[in-house]
Amino acid sequence: MSPEKTKAKRAAVIYLPPDVTKELEAANRGKEPQGKLLEALSTDYHHNFLRDLEKAGITRQTFKGRACLHSLRVTFVTLAGETGSDPQTMQRLARHATA
């Protein structure tokens, strides 16, 4: 990602699983290199997230907390920590400004 697109105004690399990379490459064959990679995706992430919760039968608010886009980030960092990732790596992968 280019710096102007990130919250911390720093360039960022977002790693994708190999199967996702292959699907994106196939979907974008023949497109100009400067074209948008994910043109077809909606930018209304919050709406899409709420729709996906509903489709999956996940309650947004429970006694344990609330499901939101930020909760995915918190879960990612928590799971990374539980698997033994070092703090600097977790900060970098979460694109935390102090990493």
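Treat the numbers as computed from the prediction; the structure is a model and nothing was measured.

A. How the structure looks around the overall build of the chain. Helices and strands together make up the secondary structure of the chain, namely four helices and two strands. In sequence order, the secondary structure elements of the chain are arranged as α-α-β-β-α-α. Sequence-distant contacts, at least 24 apart, represent 21% of the contacts inside the chain between residues at least 6 apart. A total of about 8500 Å² of accessible surface is found on the chain, and carbon and sulfur atoms cover 58% of it.

B. Geometry of helix α3 (residues 69-82). Compared with the 20 Å implied by 1.5 Å per residue over 14 residues, the 20 Å span of α3 between its first and last C-alpha is a close match. Taken from the residues just after α3, G84 is the one with a positive phi, measuring 95°.

C. Quick peek at the pattern of salt bridges. The tally for this structure, following the rule as stated, stands at one salt bridge. Of the charged contacts, one joins R51 and D52 as a salt bridge, the two residues approaching to 3.1 Å between their closest N and O atoms. Taking relative accessible area as the criterion, R51 reaches 36% and is therefore assigned partly exposed.

D. How the structure looks around helix α2 (residues 45-56). With 12 residues, α2 should reach 16 Å at 1.5 Å per residue; the first-to-last C-alpha distance of 16 Å fits that figure. Taken residue by residue, α2 has N48, F49 and L53 as its buried positions. The arc that holds every buried residue of α2, seen down its axis, measures 140°, which confines them to one face. Those residues of α2 that are exposed and aimed more than 90 degrees away from the buried face are E54 and K55. The elements touched by buried residues of α2 are α3.

E. Broad picture of a nonpolar patch on the surface. A surface patch of nonpolar side chains, about 230 Å² in accessible area, is lined by I14, L16 and V20. Counting through the fold element by element, V20 comes out in helix α1 (residues 18-27). Residue class for V20 comes out partly exposed when judged on its relative accessible area of 32%.

Here is what the cut-offs are and how they apply
- Residues numbered from 1 in each chain as written.
- Predicted model: local features only at pLDDT ≥ 70, side-chain atom pairs only at ≥ 80, totals over all residues.
- Heavy atoms only, no water.
- Helix = DSSP H or I, 4+ residues; strand = E, 2+ residues; numbered from the N terminus.
- Contact = heavy atoms within 4.5 Å.
- Areas by Shrake-Rupley, 256 points an atom, 1.4 Å probe, with all protein chains shown as cover.
- Expected span 1.5 Å × (residues − 1).
- Salt bridge = Lys/Arg side-chain N within 4 Å of Asp/Glu carboxyl O.
- Buried < 20%, exposed > 50% of the residue type's maximum accessible area, 1.4 Å probe, protein only.
- Arc of directions from axis to C-beta.
- Patch = residues over 30% accessible without salt bridge, like charges linked within 9 Å, V, L, I, M, F, W, Y side chains within 5 Å.

In short, the description is geometric, and any link to function would need to be established separately.
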